[in-house]
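What the coordinates show
Single-letter residue listing:
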Amino acid sequence: EKELKDWINSLGIETVKHNDSGFEIDVYVPALNLGFEYNGVYWHSTKYKKPSYHAAKTAFFRKKGIRIIHIFECFWAQRQEQTKDFIRSALRLNPERIGSRKCVFTQISPASASQFCKMHHMQGSTSAGSFNIGVFRDGILIGCAVFGKSHRQNLVEKYFLKRLCFKSGVTVSGCLSKIALLATSHFKENIFSFADLSISDGKGYLAAGWEIVGMSKPDYFYSNQKMEIITKQSRKKSSVETPLGMTEDQHAELDGLFKIWDCGKMKLMFPYKA
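These notes cover the structure that comes with them. (Residues numbered from 1 in each chain as written. Predicted model: local features only at pLDDT ≥ 70, side-chain atom pairs only at ≥ 80, totals over all residues. Heavy atoms only, no water.)

**A word on the nonpolar core**
Inclusion rule: For this analysis, a nonpolar core means a set of buried residues of the types Ala, Val, Leu, Ile, Met, Phe, Trp, Tyr and Cys, connected via side-chain atoms within 4.5 Å. Each residue gets one of three labels from its accessible area relative to the maximum for its type: buried under 20%, exposed over 50%, partly exposed in between, using a 1.4 Å probe on protein chains only. Each helix corresponds to a stretch of at least 4 residues labelled H or I by DSSP, and each strand to a stretch of at least 2 residues labelled E; elements are numbered beginning at the N terminus. Contact criterion: two residues are considered in contact whenever any of their non-hydrogen atoms come within 4.5 Å of each other.
Grouped together as the largest cluster of nonpolar side chains are 30 residues, with contacts concentrated most on Phe147, Leu161, Ile179, Ile191 and Trp210. Where this core is concerned, the elements lending two or more residues are β7 (131–137), β8 (140–148), β10 (170–173), α6 (175–187), β11 (191–196) and β16 (265–270). For this core, the leading source of residues is α6, giving 6 residues. With near-sequence residues (within four places) excluded, Trp210 lies in contact with Leu161, Leu176, Ala180, Ile191, Phe192, Ser193, Tyr205, Leu268, Met269 and Phe270. Of all hydrophobic cores here, the second largest spans 16 residues; its members include Leu4, Ile13, Tyr38 and Ile87.

**Regarding the environment of Met119**
Here Met119 lies in helix α5 (residues 110–120). The class of Met119 is partly exposed, set by a relative accessible area of 47%. Considered as a pair, Met119 and Lys167 are 48 residues apart in the sequence and their alpha carbons are 8.6 Å apart. Look past the residues within four positions of Met119 in its chain and what remains in contact with it is Arg79 and Gln82.

**Observations concerning the sheet that holds strand β14 (residues 229–230)**
The line we're drawing: Strands pair, by our definition, only if DSSP identifies at least two bridges between them.
Ordered in space as β14-β13-β15, the 3 strands form an open sheet in which the pairing is antiparallel. Edge positions in the open sheet fall to β14 and β15 (258–261), since each of these has one partner strand only. Both strand β13 (residues 220–223) and β15 contribute to a ladder of 4 bridges, which runs antiparallel. In the strand pairing of β15, Ser223 is matched with Phe258.

Rendered as structure tokens:
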């Protein structure tokens, strides 16, 4: 937490601790109504925090007009440069701001998209998308959007925006609506996305013409003492050969994993206009 605070202060941003009705913000930026929570994987696991804890704090401050960004320790440890890039963008400190009209948007290969996301997205790369858009400025790839089917088997919607990221220090204004129009034109149907409420308030989507179509409850992931980021999908009983009669939670604890709950997700749709 101190490391995060000191780094933000080093950017010339003034911060304070903020308390309201028993809820505390670790690093608060009054000028932007923006707060950062540093969540250690041990103290913020289910050993000490209820599944609703992070979502409840986020919702409380949202009603006060304050956006909360949760920085989980494992992301700070494993994806620190990408996490810092995300924070700089949230603090409106990106030195290069480019209008989407000055960029070229074109389809790129899954390999190129995967490599770009690995380098620049907080969560790294994702499974190969069926439609990948590269954002180019003067022939240089500065942004990437990955569209494909969700890993959630119970969804009837087909195509989702799975990743969107840009090179360090770059903001492309108007990009989210531009890529959405390209994707709906490609798929000939509505497209969808999930805004992770642990780090997003969804306002960027809404300003770009997306519509809220649902809200999901908090979900979880795992980490360990090495600060590795472990998805719940990778912990399926069949995948990790959970012994008969043992629950997923029991097996995870046996393997030394910490279970951590996020803030839920906002489901959004961008309509296809024929």
